[in-house]
There are 2 protein chains.
Amino acid sequence: MKKLNTSPISGMQELTPARQAIFNQIKNQIAEVYRLHGFQNIETPTIDRAEILLAKAGGDTEKQIYKVVKTAETADDADQALRFDHTVPLARYVVEHENDLSFPFKVSQIGRNFRGERAQKGRFREFYQLDVDVVGRGQLPIAYDAEVIATAYAALKTFVKPQMKLRISNRKILTGLLDELGLSDKSEQIFGIIDHADKWSISQTEQALHELGISEAQYGRICTFMSIKGSRQEAIQNLQDMAVKDTTFQEGVAELEQVLKLLELQGLEDAIIADMLIVRGLDYYTGTVVETFLPEYKEIGSICSGGRYDNLAGHYTEQQLPGVGLSIGLTRLFYVLNEHNLLDTATAAPIDIAIVPISEQEYQFCFNLAKDLRTHGKITDVILTDKKLGDKLSYVAKIAKNVIVIGENEVTSSNLTVKNLETGELQGLDEYLVTPTL
Amino acid sequence: MKKLNTSPISGMQELTPARQAIFNQIKNQIAEVYRLHGFQNIETPTIDRAEILLAKAGGDTEKQIYKVVKTAETADDADQALRFDHTVPLARYVVEHENDLSFPFKVSQIGRNFRGERAQKGRFREFYQLDVDVVGRGQLPIAYDAEVIATAYAALKTFVKPQMKLRISNRKILTGLLDELGLSDKSEQIFGIIDHADKWSISQTEQALHELGISEAQYGRICTFMSIKGSRQEAIQNLQDMAVKDTTFQEGVAELEQVLKLLELQGLEDAIIADMLIVRGLDYYTGTVVETFLPEYKEIGSICSGGRYDNLAGHYTEQQLPGVGLSIGLTRLFYVLNEHNLLDTATAAPIDIAIVPISEQEYQFCFNLAKDLRTHGKITDVILTDKKLGDKLSYVAKIAKNVIVIGENEVTSSNLTVKNLETGELQGLDEYLVTPTL
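Parameters at a glance
- Every chain is numbered on its own, with residues counted from 1 as its sequence reads.
- A letter from A marks each chain and a number from 1 marks each ligand, given out in the order of writing.
- A pLDDT threshold of at least 70 governs which residues receive local features in this predicted model, and a stricter bar of 80 or more applies before side-chain atom pairs are shown or counted, although totals over entire chains, interfaces and linings include all residues.
- Only DSSP runs of H or I with at least four residues qualify as helices, and only runs of E with at least two residues qualify as strands; both kinds are numbered from the N terminus onward.
- Partly exposed residues are those falling between the two cut-offs: more than 12 but fewer than 20 other C-beta atoms within 10 Å of their own, whereas 20 or more means buried and 12 or fewer means exposed, with C-beta atoms placed from the backbone.
- The superposition of copies rests on a least-squares fit of C-alpha positions from residues with pLDDT of 70 or more in both.
- Throughout, a residue-residue contact means that the two C-beta atoms, derived from backbone geometry, are no farther apart than 7 Å.
- By this definition, two strands are paired if DSSP reports at least two bridges between them.
- Where helices are involved, their axes are fitted lines through C-alpha atoms of the stretch in contact, as for all axes, and angles between N-to-C directions lie from 0 to 180°.
- Linking buried Ala, Val, Leu, Ile, Met, Phe, Trp, Tyr and Cys residues through C-beta atoms within 7 Å yields a set, and such a set is a nonpolar core.
- Note: domain ranges come from an automatic or database domain assignment.
- Under the scheme applied, nonpolar residues are Ala, Val, Leu, Ile, Met, Phe, Trp, Tyr, Cys and Pro; charged residues are Asp, Glu, Lys and Arg; polar residues are all the others, including Gly.

A. Region of interest: the overall build of chain A. Of regular secondary structure, chain A possesses 16 helices and 17 strands. Principal axes of the C-alpha set define a box for chain A whose edges measure 90 × 55 × 50 Å. Here chain A holds 438 residues, and 46% of them are scored as buried.

Here it is as structure tokens:
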């Protein structure tokens with residue numbers, strides 16, 4: 001019989017149990033930070049209506065959406081696809097469950113999303129995103145923009161060891177500037193060019209802007225804008241020096257200043273920088289935008305991004321539901337941190353203590369002992385293979401930190417000795433039980 | 001503008017934040033029992049090769065598999081579909097990662113699976129399954145059959161309050177009987193009829209068996225078999241009284257006896273029953289089969305099922321990789337427990353303590369206080385809305401258990417009072433911090 005290919009489909013991350021344990025630990029740490037900051041967890045279905053997902057995707061994303069074929073028994077359903085992010089389903093969720101929510105609604109989402117993009121090293125087609133969002137009804141104070149940024153940063157801090165920089169801007173600033181320059185009709189292209197400026201050479205960016213047919217004066221103003229980067233004081237001063245009168249511009253500058261100030265109040269002064277090159281590709285963002293970089297590892301790109309979206313639910317309701325959110329793309333982040341040896345991969349054996357019965361006569365004693373050890377929070381495995389003791393012990397050496405062998409003597413005397421498999425040290429069971437699990 | 005329908009697709013479970021919190025708690029409790037029993041967690045991709053998934057689906061399942069449409073950028077990929085259970089991808093995983101695993105490999109999987117079946121109340125097309133499996137290389141002692149059953153039962157015990165009964169059999173028994181009766185060629189149909197016997201009337205079952213054209217003598221023997229149910233001693237005695245000489249039959253009886261004995265040794269005597277009506281529909285099972293019922297709520301059906309599969313990896317490798325596993329279908333179980341008022345739904349407010357600043361002057365003090373409270377494990381929310389104090393407090397009353405209001409006085413005196421929003425009780429911050437969180 002021809003044997004089938006067992007490798008996962010290209011673009012899928014599949015981890016060994018040891019790596020999965022590290023991944024899960026990181027995921028749980030992020031979830032715990034989100035929880036302690038008061039974000040309530042929700043889950044939306046993986047499969048959603050295609051019209052919902054396509055309504056707000058736009059650009060490349062639309063081409064990358066996986067559609068799902070209805071089965072014979074689901075033929076009456078609406079057209080379906082796999083969600084490509086958490087933000088679009090969240091907008092649908094908030095409208096659908098509005099009466100069950102309190103606003104501002106602080107919400108976290110942890111799950112897998114899907115984008116069928118070109119296969120590329122370090123890019124994944126199925127990937128975990130861990131999002132925090134705050135959604136308001138009618139309005140949402142700008143202070144929540146700082147709140148989601150500070151929360152995501154605290155979550156990243158639990159496992160990202162190199163220095164991180166939050167590069168922050170506000171899309172209203174560029175929108176207002178283009179308005180004043182009479183370039184609103186070219187705004188989509190200009191946002192796109194600035195979004196790529198980091199990856200392009202200066203001459204590439206210059207050429208792309210000139211190809212839009214803008215004047216030298218307009219070009220000069222955009223260059224001045226693009227060069228603004230630095231601390232709150234510097235950046236705000238430089239923006240004001242541009243002397244743009246457009247009210248959207250002024251609003252953006254004021255919001256940016258407020259967000260930066262609030263982050264300073266939370267002790268993030270050294271982690272933040274205002275940077276006008278940050279504009280974000282997705283067109284649902286309307287105000288604050290943020291990306292997170294590791295200055296020592298620029299090639300990694302942004303590890304956590306997001307921003308303010310004021311009209312995401314516009315397709316479903318007349319109600320204004322402004323929101324702001326950040327997302328940690330953990331599958332890719334886990335991959336790149338590992339590639340750069342930035343993961344703490346010193347994995348201990350998964351089992352705290354293995355109980356090895358000499359024969360089946362000791363099974364009942366071992367089962368009771370295991371129950372007791374688990375009550376003490378120890379990960380306990382009773383070895384049930386019918387092999388020789390030596391084979392059992394070499395299996396145990398691969399999976400466990402400690403071992404306890406149970407024979408006739410142990411059952412009758414209840415005198416139990418735990419052996420540490422790393423150090424060879426012996427200790428009594430009672431002594432072991434009060435030793436904290438590493 | 002026409003507004004889009006915001007309800008989830010039919011057959012999808014989407015919970016409010018309060019219900020999601022209960023669901024997550026149950027999911028975490030199950031995961032913790034699996035972990036303490038020494039099962040290592042893994043995850044396989046949601047999307048897998050269609051040929052892998054279809055190779056072992058069979059029957060109704062095959063018609064219910066969701067296929068995925070490749071995007072322009074993934075056109076070169078193999079045909080793809082969404083996994084319909086954890087067992088088939090596990091077989092692929094074990095072959096793919098064999099060199100990174102220790103056998104017996106004790107593994108848990110927690111995630112969403114997909115079946116596009118006819119819409120029906122209480123049936124879901126996207127659903128959580130929480131599986132425990134043990135996979136051996138070459139052989140796997142029958143003691144592990146009891147191990148997965150005991151583990152799943154311990155997990156269910158953490159949140160299922162009514163009495164549970166594990167109905168256990170072994171497919172070798174019926175296989176051997178049909179062999180001896182010369183009915184091996186009708187074995188698939190007879191397994192199917194017995195699988196439905198619980199839901200059918202006696203005359204329906206009788207008619208279905210007779211329609212296969214079996215003799216009265218054969219019918220009589222099958223009836224005797226089907227009626228065997230009870231404690232280990234009773235069931236094994238009754239099976240031996242059938243005086244079937246077929247070795248597969250004898251092997252099945254011996255295995256069943258051993259599994260029941262091992263479960264008794266683990267204190268499950270009152271929870272188990274041997275029952276020949278349990279045969280399981282999926283044809284990859286080859287030995288032990290088990291289903292779990294709530295005797296007081298028969299209409300709920302099995303809440304946790306599984307069994308032994310000796311040849312699941314046969315499509316991928318010459319290596320024999322026998323396994324045994326059980327699966328808790330949590331999405332449906334959560335739904336039916338809720339329908340029968342069997343869920344502990346007394347949800348507390350999600351936030352332990354809300355900090356309400358009187359004005360923006362107090363923000364920095366509040367951020368520092370929140371940081372400190374989170375270090376103490378308290379779910380803490382700083383209220384950042386720019387509303388009147390009364391409006392802030394009525395929002396807080398909906399989401400938090402305790403509140404602390406911070407004005408100018410509090411900042412200067414650092415004399416902080418926590419108000420319990422349920423009892424109205426006041427206490428000092430230090431006192432609150434040593435109160436355990438409910």
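Moving on, there is more to tell.
B. How the structure looks around the relation of the copies chain A and chain B. Relative to chain B, chain A is turned by 180° and slid 0.0 Å along the rotation axis, the superposed coordinates differing by an RMSD of 0.1 Å. Given the turn and translation reported, the copies of this chain are related as if by a two-fold rotation axis. For chain A, the minimum C-alpha distance to the rotation axis belongs to V68 of chain A and amounts to 2.3 Å. Interface overlap between copies is the fraction of interface residues in one copy that are interface residues in the other; for chain A against chain B it reaches 100%, indicating a shared surface.

C. Representation of the sheet that holds strand β1 (residues 40–41) of chain A. Residue and element names in this part refer to chain A. Taken in spatial order, the nine strands line up as β1-β5-β6-β12-β11-β10-β7-β9-β8 in an open sheet, and their pairing is mixed. The sheet terminates laterally at β1 and β8 (229–230), the two strands that pair on one side only. With three bridges joining them, strand β7 (residues 165–170) and strand β9 (residues 272–275) adopt parallel strand pairing. Among the inter-strand pairings, L166 is bridged to a residue of β9, identified as I272. Most of the contacts of helix α12 (residues 330–339) go to strand β12 (residues 323–329), to which it runs at about 40°, and overall it touches β6 (126–135) and β12.

D. Representation of the nonpolar core. Residues I355 of chain A together with I355 of chain B are the most contacted members of the largest nonpolar core, which totals 246 residues. Apart from the residues lying within four places of it in its own chain, the contact partners of I355 of chain A are C366, L369, A370, T380, V382, I383, I404 and I406 of chain A.

E. Structural context of unusual backbone geometry. Residue P104 of chain A follows F103 of chain A across a cis peptide bond; omega there is 0°. Positive phi outside glycine occurs at A243 of chain A, with the angle close to 55°. The residue A243 of chain A is located in the loop between α10 (232–241) and α11 (247–265) in this model. Positioned with a positive phi, S414 of chain B is a non-glycine residue whose angle comes to about 55°. Mapped onto the fold, S414 of chain B is located in the loop between α15 (408–413) and β16 (417–420). By the C-beta count within 10 Å, which is 10 here, S414 of chain B ends up exposed.

F. Broad picture of the domain arrangement of chain A. Here chain A is partitioned into domain 1 (17–339) and domain 2 (351–433). Computed over C-alpha atoms only, the centres of domain 1 of chain A and domain 2 of chain A are separated by 51 Å.

G. The sheet that holds strand β1 (residues 40–41) of chain B, seen in detail. All names here are of chain B. Spatially, the nine strands line up as an open sheet ordered β1-β5-β6-β12-β11-β10-β7-β9-β8, and their pairing is mixed. Each edge of the sheet is formed by a strand with only one pairing partner; in this case those strands are β1 and β8 (229–230). In this structure, strand β5 (residues 105–114) lies alongside strand β6 (residues 126–135), joined through ten bridges in antiparallel fashion. For S108, the partnering residue across the bridge sits in β6 and is V132. Against the sheet, helix α11 (residues 247–265) engages β7 (165–170), β9 (272–275) and β10 (288–293), with an angle of about 155° to β7.

H. Here's a closer look at the interface of chain A and chain B. At the interface, 84 residues of chain A touch 84 residues of chain B. Here the side of chain A that touches chain B takes five residues from helix α1 (residues 17–36) of chain A, the largest share from any one element. Its residues assigned to classes, the side of chain A that touches chain B comprises 33 nonpolar, 25 polar and 26 charged. By the bridge criterion, three bridges tie strand β3 (residues 67–69) of chain A to strand β3 (residues 67–69) of chain B in an arrangement that is antiparallel. Within β3 of chain B, the position partnered with K67 of chain A by the bridge is V69 of chain B.

I. Molecular detail of the pairing of β12 of chain A. Residues and elements named next belong to chain A. Among the seven residues of β12, seven are classified as buried, and the element is accordingly described as predominantly covered. Of the two faces of β12, the one holding G323, G325, S327 and G329 and the one holding V324, L326 and I328 are both buried throughout. Judged from the seven bridges that link them, β6 and β12 form a sheet pairing that is antiparallel. Along β12, the bridge assignment pairs V135 with G323. Across six bridges, the pairing between strand β11 (residues 304–309) and β12 is antiparallel. Bridging from a neighbouring strand, Y309 pairs with G323 of β12.

J. Focus on the environment of S359 of chain B. Within the element layout of this structure, S359 of chain B appears in the loop between β13 (351–357) and α13 (363–375). The spacing of S359 of chain B and S169 of chain B is 190 residues in sequence and 68 Å in space, taken between C-alpha atoms.

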